[in-house]
Every structure is written in structure tokens, then in C-alpha cells.
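As a plain string of letters, each chain reads:
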Amino acid sequence: MIAVLKRLASIRLTLLWMALLAIGAALNYDNPVDTPVWVLVAPLALLGINLLAAIITNARINRRGGLLIFHVALLMIVILAAIGRLTHMEAHIEMVDGMGFTPERLINVRQGPLHSGKLDQVHFIQGPYTIEYRPGMMRGLTHSQVLVPDGAGGWERKVVGDDRPLILEGYRFYTTFNKGFAAVLTWMPDGGEAQTGTIHMPSYPLFEFRQANRWTPVEGGEQIKFWLQLETGIDPEGYWVLDARKSQASLVLRTGGQRVELQPGETVRLERGVLRYDGLSSWMGYKLYYDPTLQWLFLTAMLSVLGLAIHFWKKFANHPWPQPTSNRKDAGHASSDTRTAVIDKGRMV
Amino acid sequence: MEDKMVAELPWLYTAMAAYALATFAAMMGVVRARGGSAGAAVNRNYESLVLGLISAGVLLLVIALAERWIRIGHGPFVNLFELLMSQLFSLGLVYAVIYWRLPVIRPTAVVVMPMMWVMGIWVLTLEPVASVYPPTYHNKWLWAHVGFGKFFLAFLLVGSGIAGIILLRGMSRLRPLFRYMPPDSVLDQVAWRFMLLALIFDSLMLIAGAVWAQDAWGRYWAWDALETSSFLNWLMLGAAIHARLTYRIPLRVGAVAMIAIFVFAFFTYFGTPFYSEAAHKGVI
Ligand code: HEM
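Definitions and cut-offs
- Positions within a chain are numbered from 1, following the residues in the order the chain's sequence is written.
- Whichever chain is written first is A, and whichever ligand is written first is 1; the rest continue in order.
- Reporting in this predicted model follows two pLDDT cut-offs: at least 70 for local features of residues, and 80 or more for side-chain atom pairs to be given and counted; totals over whole chains, interfaces and linings ignore these cut-offs and use all residues.
- Neither water nor hydrogens contribute to the side-chain values; these are computed over all heavy atoms in the structure.
- Residues forming no salt bridge and having over 30% relative accessible area are the ones grouped into patches, like charges within 9 Å of each other and nonpolar side chains (Val, Leu, Ile, Met, Phe, Trp, Tyr) within 5 Å.
- Accessible surface area values rest on a Shrake-Rupley calculation with a 1.4 Å probe, where residue burial reflects the displayed protein chains alone.
- The rule for a salt bridge is simple: a side-chain nitrogen of Lys or Arg has to be within 4 Å of a carboxyl oxygen of Asp or Glu.
- All tallies of charge rest on Lys and Arg as positive and Asp and Glu as negative; His and the ends of each chain are not included.
- To locate a charge, the coordinates of NZ of Lys, CZ of Arg, CG of Asp or CD of Glu are taken.
- Numbering goes from the N terminus for both helices and strands, where a helix is a DSSP run of H or I of at least four residues and a strand is a run of E of at least two.
- Burial classes: relative accessible area under 20% of the type maximum marks a residue as buried, over 50% as exposed, and values in between as partly exposed (1.4 Å probe, protein chains only).
- Pairing between strands is defined by DSSP: at least two bridges between the two strands are required.
- Interaxial angles span 0 to 180 degrees and are taken between N-to-C directions of axes, which are lines fitted to C-alpha atoms, for helices over the stretch in contact.
- In this listing, donors mean N, O and S atoms no farther than 2.8 Å from the metal, or 3.2 Å for Na, K and Ca; water is missing from the atoms, so a site can look incomplete.
- Working rule for geometry: tetrahedral if four donors all subtend angles between 85 and 135 degrees; square planar for four, octahedral for six, if opposite donors exceed 155 degrees and the others stay between 65 and 115; irregular in every other situation.
- When at least one non-hydrogen atom of a residue lies within 4 Å of a molecule or strand, that residue is treated as near it.
- Counting of polar contacts relies on pairs of N or O atoms within 3.5 Å, with two restrictions inside protein: one atom must be capable of donating a hydrogen and the other of accepting it, and residues adjacent in sequence are counted only when both atoms are side-chain atoms.
- Between 30 and 60 degrees the pair is tilted, below 30 it is stacked and above 60 it is edge-to-face, where a pair is any two Phe, Tyr or Trp rings, Trp via its six-membered ring, whose centres lie within 6.5 Å.
- Working definition: roughly parallel below 35 degrees, roughly antiparallel above 145 degrees, roughly perpendicular at 65 to 115 degrees, and oblique for all remaining angles.
- In a left-handed crossing the near helix is turned counterclockwise from the far helix by less than a right angle, and in a right-handed crossing that turn is clockwise.
- Note on contacts: a residue pair qualifies if any of its non-hydrogen atoms lie within 4.5 Å across the two residues.
- The residue classification treats Ala, Val, Leu, Ile, Met, Phe, Trp, Tyr, Cys and Pro as nonpolar and Asp, Glu, Lys and Arg as charged. All others, Gly included, are polar.
- Grouping buried Ala, Val, Leu, Ile, Met, Phe, Trp, Tyr and Cys residues that are joined through side-chain atoms within 4.5 Å yields what is termed a nonpolar core.
- Boundary definitions for the domains trace back to an automatic or database domain assignment.
- Take the accessible area each of two parts loses on contact, using a 1.4 Å probe, and add the two losses: that sum is the buried area.

Asks: Quick question: what am I supposed to make of a positive patch on the surface here?
Replies: There is a patch of like positive charges on the surface, built from A:Arg214, A:Lys225, A:Arg254 and A:Arg259. Here A:Arg254 lies in strand β12 (residues 248-255).

Right, dumping it as C-alpha cells:
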């Protein structure tokens, strides 16, 4: 058994598997989603076996505290990263001002087979947001307001944005550059109950000139095309703040050859009911990320560096750095150099 | 494009002049050391001159960086011009401290300073245009990431400077210039100490970078150009350290490996982020 482990622990294999890992990493470059997972999993598994075998059998690792900590931590990182991939979740969601989070609205969901978080316990309500722009339409800071449960039955206001995610039950919500306007509409079908909803327009200001969308009432009838005529104060040459509360828009509708322009509060009679344009709102696109191993990965990685630092310290504390000789004759000759003798004792390494 | 002489340029030019003089003084030092009397690695007068000139260059770069910071309103973290300038400062600073504290490596200045010159000439060819500070750069982990990276590159620079001496000594005509340095076997060991230090700071840089990436882009690792390249660099360094422990690697092959690792790191720093728009996505 030990003989087999010793073979598996060979550093020659380490080098081979490292080379394979390098190839796997290069293949992953820029396209991790479409690259088969085994290009990384296989070399990492081989390295893991190799490392575990070395930790068990090789006194050069397991008798040296710092080096042992470092290599065990490396193994742990690989294991944690694997657990992370199995349990992670990534998704996107567009949250309209005033809307509460519901998992059903998540899109592009990707998750590991063992994902089991408390997504159903995530509650927050989207509020308004502002985004600063500098001359040349360079996006600056995002301040997105959200209401989160305060634990006492009420709501607490928080501001998130850019590198400050909203973290609830381990789920991290990041604002993205994908955000824009929405038209709030109330549809009053003939003989039915009135419903209020929103039509999301494409990302703004990316699609400044394509603020259009379409909708067909569930009751049937003609498809309705909407177009938002926006006044946002946008200034490509200067400083400007994107803020839906300071923007205005009229809504242009086209359906069945009819063209109507509505101001907030105005209604239009359509084939199967009455539609009211309640006003302008905004939506923020969030990226959702969940990985329960994040803190552990960080701690383990820091531990690995600590191990390496201890190893470095111990290894060199007893071996002074060489100093220049005061005797010229000594210099340049390995065997006669007294300084060298100190360092050369055993293999430095 | 800026047509006027911006505030940081005079300081940058003078700093580069100081580095150039330091390079010249270092070369004179090793040449004159042949006849040196004290028996030290290099002629002592030249050593203080070299140290003084590098320190002056570092100081001038501090002023240049401060001027630029005031002018554009943020630190040197975004475009190639400011990254190069900032590295010229930190590499100079770390090298100056090591030069001062570890006299045996002083003749490496004849290798290290010309390596700095690659960056020096490069930065002088670039326009000092003001960069735009991306929203995701307002993060304290950026500082840790950049700081660790500076030590990583500086230790690699020293390691490859020593490796350069090992290679230069391989040429019979140049060998006498460095005969007051310890033998190659000792230089090799000192150089690999710096490589081990570099690995520690490389690891720290990757960790801090991952924490920042998690905050900034909502994922700690995504194999973008910079991440892939820096991971390969880390792996290369680890593999080289293991190879040296496992095989009897000839000193000169080891020296070439150290320089190769430095060159790879150099391209990771100054090539990759500008080759791929996807790297450090916050910029867009
Ligand atoms: C995955 C399988 C690995 C195995 C089996 C392994 C094995 C070993 C062994 C046996 C030693 C002690 C060698 C000696 O002193 O003669 C060692 C040292 C070391 N290993 Fe690893 N290692 C592995 C991965 C890594 C990785 C991925 C890194 C970092 C990139 C790394 C960095 C180091 C360092 C820095 C030393 C100390 C070198 C020195 O003191 O000069 N190892 N490793």
C-alpha cells in the first residue's frame, strides 16, 4: 500500500499533472462555460491524488510544518472549489422599482446539481436608483436603493451598487450595466378585472434610440407596440445623472393601424379594453451569485500563504544571506568560500 | 490627446534620466571593479552612486505620480502609461532597498536596470492621456491586489537579475567582470530564495484579486485573459520550484527558467490587460 502511495506521490507526476493543468487552464481561457469541465477536473483530480499521496508518504512535506500547511491548504482549495461548483447558483433578474423579489423571475439560471440554498427566504423590494455619467458617457457609480427586512417586521433601506452587492441568505445581488426604463400600465379588460404591470424597455442608454417593446393582452386581440419618448437630460459631453424620478416620458402606442401618444395618467380605448399609462418607472438588472464556499476558500487560501511564509522563514532563518567577502581571494571560488559553506550545508532548497 | 506638457512629464523625464545614469554608473562599477581595491563585489564609490541615483529616480517618480494623481483625480491603476510609471517606481524602490541591504547582489544592477529600461522607454513613447476610473475600482482590495503584485514583480526582477549574472558569467569575456561575486551555486540559491518570496506574493496577489473580482464582477474567477495568464504564471513558478527539487537542473537552465518566469509575468502585467478588452471588465 505504502509502495503504491509512494509511486503516486512522485514529484515527476506533479510536474506532469501541472503541465496538464496548464493546458486545461489555457483551454478555459475566455470561454469557461463552453469548455468541457474535465479539462480542469481531470488534472486537478490527478494533482489531488498526487498531493494526498505525497502528504501521507513524503517526510519532506509532512515533517515540515509550514510546507505541510501549505500543501494541505492547496488540497483543501481544490476540494472547496469543487464543492463550490456543485452547489453554486448564478442567474440574472430585472427588478422594477417597487417590485419585491421572487425566484420565479430569475432568468439565465445556472446552478450546480447540489445547490440547496434558502432562496425562498430572500426578500427585498427594489427602489429607485441613480447612475453617474462622466463626459463621454463613461459610467460612474451606481446607487441602487433597496428595502430589506429589518428583522422586526419592518423594512430597512440599503444602498447597493457596483462592488457593494446586496447579500441575503448568502445570495449576492450585483447591480449590472444592464438597466433601463419601464412603462407602468393598467389594463382594464372589458368585463374583467383591472391589472397593473410594467413593460420593460431595452437597456438605457445603450439602446437610447430603441426604447420600444410589444405586448399582447391575454384576452387576445391585436399586438400592441410601445415606444417610449424619453426626456432624461442625457448629456454625452458632460456630467449627467441617470435618474428615472427626474425623467419624463410619453408613451406612443401602435396597434391595428392606430397611433396614440399618451401622457402619464391618460387612457386609450383598445379592441378589448382600456389601457392606462400610469407613468415612468425604472428597472435594474442584477446578477445573482451564490457560492457557500467563498469565506472558506478565502480563509484556506490565506492559510496556505501563511504556511508558505512559515516555511520560508524556517528554511532561511538559520541560513544567513551571503555577504561580500572582505578577502578578495575567497570570492568567486565555490569550494574555498567560507560564506558559501554556510549556505551550501545540505541542499539549500 | 493632450497637446500640452502635462504636470507629471518633467518629473518622469528626470526620473528616467536618473535611472539611465544609474545604469551607466552600475556598468562603470563592474568594469572598474576589476581593479578595485577593497575586495568588495564592486567598486564602493560606484555603489553609493548607483544607490543614490536609483533612489533619486524613485523620489522623482513619486512626485510624477503625485502630480498625475492630482491632475486626473485618481491613482495609477488604469491605463498602460500610469501602470508602467507606477511599476517603475515600485520596482525601483524595492530594488533599491535590496541593493542597500544585500550588497552581494549589487552588480545585478547591470542586468536589472536595463530591464527597467524596457519599461522606461515604453512609457516615454506613450501619451499621458488621463484615464477614466471605473466604478468597480473604488474598492480597498484593489490596493492589496496591486500592492502584493508590486512585490511579486520586484522579487522576480531581483531573481532574474541574479539569473542574468549567472548567464553573463557563462561568457568567458564577461566572466572577469563579476569575479568578486559569490560563485554561481550561491547566486543560484539566493535567486531561488527570491523566487520563493515571489511565489508568496504572487499567491497573495491572486487571493486579493479574487476577492476584488468577487466584489466587482460577482465572480472570483472566470478565466479571463488576465486571470488565465496570471494563473499560468503562478503554476509555472510552482513547477519550476518543484523541478529544481526533483532534478539536477544545470544552473544556467535554472537561470533561463527564472528569466522566462519574469518575462511571462511582464507580459501578464503589461500585455494581457491591453490585448483583451475582456480583462478587468470594469474598465468598460
Ligand atoms: C499537487 C501536487 C504537489 C505535490 C505532490 C507536491 C510535493 C512537494 C514536495 C514533496 C515538496 C518538498 C520537496 C523537497 O523539499 O524536496 C514540495 C515543496 C514545495 N512545493 Fe509542492 N507539491 C505539489 C503542489 C504544489 C503546488 C501547486 C505548489 C505551488 C505552486 C507547490 C509549491 C511548493 C513549494 C513552494 C515548495 C517548497 C520549495 C522550497 O522549499 O524551495 N507545490 N512540494
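After that view, the rundown keeps rolling.
Asks: How should the pattern of salt bridges be read in this particular structure?
Replies: Where charged atoms from two side chains of opposite charge come close, those side chains can pair. Residues and elements named next belong to chain B. Within the structure shown, the criterion is met by 14 salt bridges over all chains. One salt bridge in this structure joins Glu82 and Arg68, with 2.5 Å as the shortest N-O distance. With Glu82 in helix α3 (residues 80-101) and Arg68 in helix α2 (residues 44-72), this pair connects stretches of sequence that are 14 residues apart. Arg68 matches Glu82 in its accessibility class, with the two residues each being buried.

Asks: Is there a simple way to think about the sheet that holds strand β11 (residues 240-243) of chain A in this case?
Replies: Each strand in a sheet pairs with another by means of backbone hydrogen bonds, the pair being arranged parallel or else antiparallel. All names here are of chain A. One open sheet accounts for 4 strands, arranged β5-β4-β3-β11; its pairing is antiparallel. Two strands lie at the open edges of the sheet, namely β5 (155-160) and β11, each paired on one side alone. Going across the sheet, the axis of each strand differs from the next one's by a mean of 15 degrees, ignoring polarity.

Asks: Any chance you could explain the coordination of the iron atom of the ligand here in plain terms?
Replies: Put simply, a metal with four donors set out as a tetrahedron has ideal angles of 109.5 degrees, and one with six donors set out as an octahedron has ideal angles of 90 or 180 degrees. On the protein side, the iron atom of the ligand has A:His71 (NE2) and B:His242 (NE2) as donor atoms, found 2.0 Å from it. Coordination geometry of the iron atom of the ligand: the 6 donor atoms subtend angles of 84 to 177 degrees at the metal centre, consistent with an arrangement described as octahedral. Here A:His71 is found in helix α5 (residues 65-87), whereas its partner B:His242 is found in helix α7 (residues 225-246) on a different chain. Here A:His71 falls in the buried class, since its relative accessible area comes to 8%.

Asks: What is the right way to look at the site of the ligand in this model?
Replies: By nearness alone, 26 residues border the ligand, and A:Arg64, A:His71, A:His311, A:Lys315 and B:His242 come closest of all. Site remark: the ligand is flanked by residues from chains A and B. One nitrogen or oxygen atom from the side chain of A:Arg64 is found 2.3 Å from an oxygen atom belonging to the ligand. Between the ligand and A:Lys315, the relevant distance is 2.5 Å, taken from an oxygen atom to a side-chain nitrogen or oxygen of the residue. Listed by contribution, the elements that provide at least two residues to the shell around the ligand are α2 (11-28), α3 (38-57), α4 (59-62), α5 and α6 (294-317) of chain A together with α6 (184-217) and α7 of chain B.

Asks: Whenever I open this one, the packing of aromatic side chains confuses me. Can you help?
Replies: Residues and elements named next belong to chain B. Summed over the entire model, instances satisfying the criterion amount to 35 aromatic pairs over all chains. Note on Trp122 and Phe270: the rings are 6.1 Å apart at their centroids and 70 degrees apart in plane angle, and the pair reads as edge-to-face. Of this pair, Trp122 sits in helix α4 (residues 109-125) while Phe270 is found in helix α8 (residues 251-270), placing the two residues 148 residues apart along the sequence. By relative accessible area, Trp122 is classed as partly exposed at 27%. Phe270 gets classed as buried once you look at its relative accessible area, which sits at 3%. With a centroid separation of 6.1 Å and 35 degrees between ring planes, the pair formed by Phe155 and Phe194 is classed as tilted. Of the two residues, Phe155 is situated in helix α5 (residues 140-169) and Phe194 in helix α6; the sequence distance between them amounts to 39 residues.

Asks: What am I meant to see in the sheet that holds strand β9 (residues 212-215) of chain A here?
Replies: Residues and elements named next belong to chain A. With antiparallel pairing, the 4 strands of this open sheet are ordered in space as β9-β10-β12-β13. For this open sheet the edge positions go to β9 and β13 (258-262), each flanked by a neighbour on one side alone. Neighbour to neighbour, the strand axes of the sheet diverge by 20 degrees on average, direction disregarded. The sheet contact formed by β12 and β13 spans 5 bridges and is antiparallel.

Asks: What's the story with the packing of α3(A) against α5(A) in this structure? I'm lost.
Replies: The description of two helices packed together rests on the angle between their axes and the distance between the axes. All names here are of chain A. Remark: α3 packs on α5, axes separated minimally by 10 Å, with the N-to-C direction vectors making an angle of 150 degrees. By the angle between their axes, α3 is roughly antiparallel relative to α5. When the axes of α3 and α5 are compared, the crossing they make is left-handed. Touching Leu44, Gly48, Leu51, Leu52 and Ile55 of α3 are Leu68, His71, Val72, Leu74, Leu75 and Val78, all from α5. Partitioned by chemical class, the residues of the contact of α3 with α5 number 9 nonpolar, 2 polar and no charged.

Asks: What's the story with the nonpolar core in this structure? I'm lost.
Replies: Across soluble globular proteins, you tend to see nonpolar side chains buried next to one another. By size, the foremost hydrophobic cluster in this structure holds 108 residues, and its most contacted members are B:Leu12, B:Tyr19, B:Ile54, B:Phe152 and B:Phe194. Top contributing element to this core by residue count: α6(B), with 17 residues. Setting aside chain neighbours within four positions, we find B:Ile54 in contact with B:Tyr19, B:Ala22, B:Gly92, B:Tyr95, B:Ala96 and B:Met113. By size, the runner-up hydrophobic cluster in this structure holds 49 residues, among which are A:Met95, A:Ile131, A:Trp240 and A:Leu262.

Asks: In this structure, what is going on with the domain arrangement of chain A? I would like to understand it.
Replies: It is common to give the size of an interface as the accessible area lost on bringing the parts into contact. Residues and elements named next belong to chain A. Each assigned domain of chain A is listed with its residue range as follows: domain 1 (2-88 + 292-317), domain 2 (90-178) and domain 3 (181-282). Listed as interface residues are 18 residues of domain 2 and, on the opposing side, 18 residues of domain 3. Around 1,500 Å² of area is buried between domain 2 and domain 3 when both sides are counted, 57% of it from carbon and sulfur atoms. Inspection of the domain 2/domain 3 interface yields 0 salt bridges. Applying the counting criterion to the domain 2 and domain 3 interface returns 6 residue pairs in polar contact (both at pLDDT 80 or more). Elements that contribute at least two residues to the side of domain 2 that touches domain 3 include exactly β1 (89-96), β3 (125-134) and β7 (171-189).

Asks: How should I be thinking about the pairing of strand β10 (residues 224-231) of chain A in this particular structure?
Replies: Residue and element names in this part refer to chain A. Sheet analysis places β9 next to β10, joined by 4 bridges and oriented antiparallel. Each bridged residue has a counterpart across the sheet, and for Arg214 the counterpart in β10 is Lys225. Two elements, β10 and β12, share 7 bridges in a ladder whose sense is antiparallel. Within the sheet, the bridge partner assigned to Leu228 lies in β12 and is Leu251.

Asks: I tried to follow unusual backbone geometry on my own but got confused; where do I start?
Replies: The phi torsion of most residues other than glycine is negative, and most of the peptide bonds are trans. Residues and elements named next belong to chain A. Cis geometry marks the peptide bond from Tyr204 to Pro205; its omega dihedral reads 5 degrees. Mapped onto the elements, Pro205 comes out in the loop between β8 (195-203) and β9. Even without a glycine there, the phi angle at Asp30 is positive, about 70 degrees. For Asp30, the position within the fold is in the loop between α2 and α3. Given a relative accessible area of 44%, Asp30 falls into the partly exposed group. Unusually for a residue other than glycine, Met137 sits at a positive phi of about 55 degrees. Mapped onto the secondary structure, Met137 falls in the loop between β3 and β4 (138-149). You can call Met137 partly exposed: its relative accessible area is 26%.

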